[in-house]
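The lines below spell out each chain.
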Amino acid sequence: MTAIRVLIVDDELLVRSGLGLIVGSAPDLELVGGCSGGEAEDLVRRLKPHVVLLDVRMPDLDGISVLRQLRALPEPPAVSMLTTFDTDEYIGTALRAGAAGFLLKDTAPDQLVHAVRILAAGGSMLSPAVTRTVIGGFVEGGGPDAAALTLVRSLTGRELDVLALLGEGLANAEIADRLFLGTGTVKDHISAILSKLGAANRVQAAVIAHRAGLVRPTGQ
């Protein structure tokens, strides 16, 4: 089986080294390189990684600018944004620019490896620890959004159930366990949800779930 090729883009060498050790510890992952923002596009063109872990905040070229460069390539890699914070003012811009995931830099090693695998398979990944705080912070204020409510009216009852759990950051297997469904059925539901909502990935669908009031605030 072909190894999943991973590039780490972060201006701090210590961070790149630490994440690189985690990536390199997985037998099916291959660390192909690390760099700062200004070198990212050239390295992606040359090394052709499947997944890029991209720091949001870098001094030479910020993560959002790098993300836009990579998404414009003929065969763009899956990109997950890395952040030190559980809230980030760049979240909305990154979502619209096509980020497929958001991970904290202190994400547990096994969760990071799991996230890379999901991204490489064409999925999207939010660390459960940041789903509510990052997306919740992005959409908070004023109750359900009218546009989001209109979108979710196109969903069936079961699709609404799946979308609500997706908004909590649950993986397919976790959603399947919660709703007593097969993982294949959950995958089919998510494909239908993305199509009906016009969402590019799970992250955008999760935002809609929050905006529509399908995900209860933390502590409720």
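Treat the numbers as computed from the prediction; the structure is a model and nothing was measured.

(A) Quick peek at the overall build of the protein. Counting its regular elements, the protein contains eleven helices and six strands. Each of the 220 residues in the protein was classed as buried or not, and the buried ones make up 50%. Surface summary for the protein: the accessible area is close to 10500 Å², and the carbon and sulfur share equals 53%.

(B) Quick peek at helix H1 (residues 13-24). Counted at 1.5 Å a residue, the expected span for H1 with its twelve residues is 16 Å, and the 16 Å between its end C-alpha atoms agrees. Within H1, the full set of buried residues consists of Val15, Arg16, Leu19, Gly20, Ile22 and Val23. Angularly, the buried residues of H1 cover 160 degrees about the axis, an arc narrow enough to put them on a single face. Facing away from the buried surface of H1 by more than 90 degrees, the exposed residues are Leu13, Leu14, Leu21 and Gly24. Contacts made by the buried residues of H1 are with strand S1 (4-9), strand S2 (29-35), strand S4 (78-83) and helix H5 (109-120).

(C) Molecular detail of the pairing of S4. With six of its six residues buried, S4 lies for the most part within the structure. Of the two faces of S4, the one carrying Ala78, Ser80 and Leu82 and the one carrying Val79, Met81 and Thr83 are both buried. Of the pairings in the sheet, the one linking strand S3 (residues 51-55) to S4 comprises five bridges and is parallel in character. The residue bridging Leu54 from the neighbouring strand is Met81, located in S4. Regarding topology, helix H3 (residues 63-71) serves as the crossover connection from S3 to the parallel S4, and that connection is right-handed. In this structure, S4 lies alongside strand S5 (residues 101-104), joined through four bridges in parallel fashion. Note on S5: the bridge partner recorded for Thr83 is Leu104.

(D) The nonpolar core, seen in detail. Within the largest apolar cluster, 26 residues are counted, with the highest numbers of intra-cluster contacts made by Leu7, Val9, Val52, Leu54, Leu67 and Met81. Of all the secondary-structure elements, those providing two or more residues to this core are S1, S2, helix H2 (40-47), S3, H3, S4, helix H4 (91-97) and helix H11 (202-211). Those residues in contact with Val9 that sit more than four places away from it in its chain are Cys35, Ser36, Gly37, Ala40, Val52, Leu53, Leu54, Asp55 and Met58. Core analysis: the second largest hydrophobic core is formed by 23 residues, Leu155, Val162, Ala176 and Leu194 among them.

(E) Geometry of the environment of Thr185. Along the polypeptide, Thr185 turns up in helix H10 (residues 183-197). Sequence spacing of Thr185 and Asn172 is 13 residues, and the spatial spacing of their C-alpha atoms is 9.4 Å.

(F) The side chain of Asp10, seen in detail. With respect to the helices and strands, the residue Asp10 is situated in the loop between S1 and H1. Within the structure, Asp10 has its side chain in polar contact with the side chain of Lys105 (distance 2.8 Å). Not counting residues within four places of it along the chain, the set of residues in contact with Asp10 comprises Val15, Arg16, Cys35, Ser36, Asp55, Met58 and Lys105.

(G) Structural detail: H5. Compared with an ideal rise of 1.5 Å per residue, which puts twelve residues at 16 Å, H5 spans 17 Å between its outermost C-alpha atoms and is within 8% of the ideal. Within H5 the residues assigned to the buried category are Leu112, Val113, Ala115, Val116, Ile118 and Leu119. Gly122 lies just past H5 and shows a positive phi near 95 degrees.

(H) Spotlight on unusual backbone geometry. In this structure, Lys48 takes a positive phi of about 50 degrees despite not being glycine. Residue Lys48 is classed as exposed on the basis of its relative accessible area, which comes to 58%. Phi angles above zero are rare outside glycine, and Phe180 is one such case at about 60 degrees. Structurally, the position occupied by Phe180 is in the loop between helix H9 (172-179) and H10.

(I) Representation of the pattern of salt bridges in the model. Following the criterion strictly, the structure yields eight salt bridges and no others. Residues Glu30 and Arg5 are paired through a salt bridge, measuring 3.8 Å at the closest nitrogen-oxygen approach. Here Arg5 lies in strand S1 and Glu30 lies in strand S2, a separation of 25 residues in the sequence. Here Arg5 falls in the partly exposed class, since its relative accessible area comes to 24%.

Rules used throughout
Residues numbered from 1 in each chain as written. Predicted model: local features only at pLDDT ≥ 70, side-chain atom pairs only at ≥ 80, totals over all residues. Heavy atoms only, no water. Helix = DSSP H or I, 4+ residues; strand = E, 2+ residues; numbered from the N terminus. Buried < 20%, exposed > 50% of the residue type's maximum accessible area, 1.4 Å probe, protein only. Areas by Shrake-Rupley, 256 points an atom, 1.4 Å probe, with all protein chains shown as cover. Expected span 1.5 Å × (residues − 1). Arc of directions from axis to C-beta. Contact = heavy atoms within 4.5 Å. Pairing = 2+ DSSP bridges. Right-handed = clockwise from strand over helix to strand, strands pointing away. Core = buried A, V, L, I, M, F, W, Y, C linked by side-chain atoms within 4.5 Å. Polar contact = N/O pair within 3.5 Å; in protein donor to acceptor, adjacent residues only side chain to side chain. Salt bridge = Lys/Arg side-chain N within 4 Å of Asp/Glu carboxyl O.

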